[in-house]
Amino acid sequence: MAPFDLCLAVGLSFEVALRTRQRLRENEPEFTNSVPLGRFMLCWNKKKRSLKLVEFDLESAIASLKSGEPVIPVWLDLIHQGLASKLVS
């Protein structure tokens, strides 16, 4: 599942999915290549009252989840692995 599709699949709006894809392009310009290793997460920014894309950090993800805030992993290596396995099938 591509990052854009992942955002839609977890219930995010089309606008949020587009912004997430744009942020991925800024943070990991080669994210469409077959070997990206970046792991990111969408987490809640209380000040801006919106989701922000940041590098994945297990401790912050756990802290966010414990406080009841959403965390959506965007692990490019697993996304590409899933896409590759679908293409083989």
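The preceding data block contains the structure.
First things first, this report covers the structure right here in the doc. It should be emphasised that the depicted structure is a prediction, and the values quoted were computed from it without experimental measurement.

Quick word on the pairing of strand β1 (residues 39–45)
For β1, a buried count of 5 out of 7 residues is recorded, marking the element as mostly surrounded by other parts of the structure. Examined bridge by bridge, β1 and strand β3 (residues 71–75) share 5 bridges and lie antiparallel to one another. Looking at the pairing, Arg39 lines up with Trp75 of β3. Taken together, the 6 bridges between β1 and strand β2 (residues 50–55) define a ladder with antiparallel strand orientation. Directly across from Met41, in β2, lies its bridge partner Val54. From the end of β1 to the start of β2, which pair antiparallel, there are 4 residues, and Arg49 there has a positive phi angle of about 55 degrees.

Concerning the pattern of salt bridges
Side chains carrying opposite charge are able to pair once their charged atoms draw close together. This structure, assessed with the given rule, holds 1 salt bridge. Lys46 is paired through a salt bridge with Glu69; the nearest N and O atoms lie 3.2 Å apart. Of this pair, Lys46 sits in the loop between β1 and β2 while Glu69 sits in the loop between α3 (58–66) and β3, placing them 23 residues apart in sequence. With a relative accessible area of 58%, Lys46 lands in the exposed category.

Here we look at the packing of aromatic side chains
Across all of its chains, the model carries 1 aromatic pair by this definition. Centroid distance Phe56 to Trp75: 5.0 Å. Interplanar angle 80 degrees. Geometry classified as edge-to-face. Remark: Trp75 occurs in strand β3 and Phe56 occurs in the loop between β2 and α3; sequence separation between them is 19 residues. Taking relative accessible area as the criterion, Trp75 reaches 24% and is therefore assigned partly exposed.

Reading the values: rules and limits
Residues numbered from 1 in each chain as written. Predicted model: local features only at pLDDT ≥ 70, side-chain atom pairs only at ≥ 80, totals over all residues. Heavy atoms only, no water. Buried < 20%, exposed > 50% of the residue type's maximum accessible area, 1.4 Å probe, protein only. Helix = DSSP H or I, 4+ residues; strand = E, 2+ residues; numbered from the N terminus. Pairing = 2+ DSSP bridges. Salt bridge = Lys/Arg side-chain N within 4 Å of Asp/Glu carboxyl O. Phe/Tyr/Trp six-rings, centres within 6.5 Å; stacked < 30°, edge-to-face > 60°.

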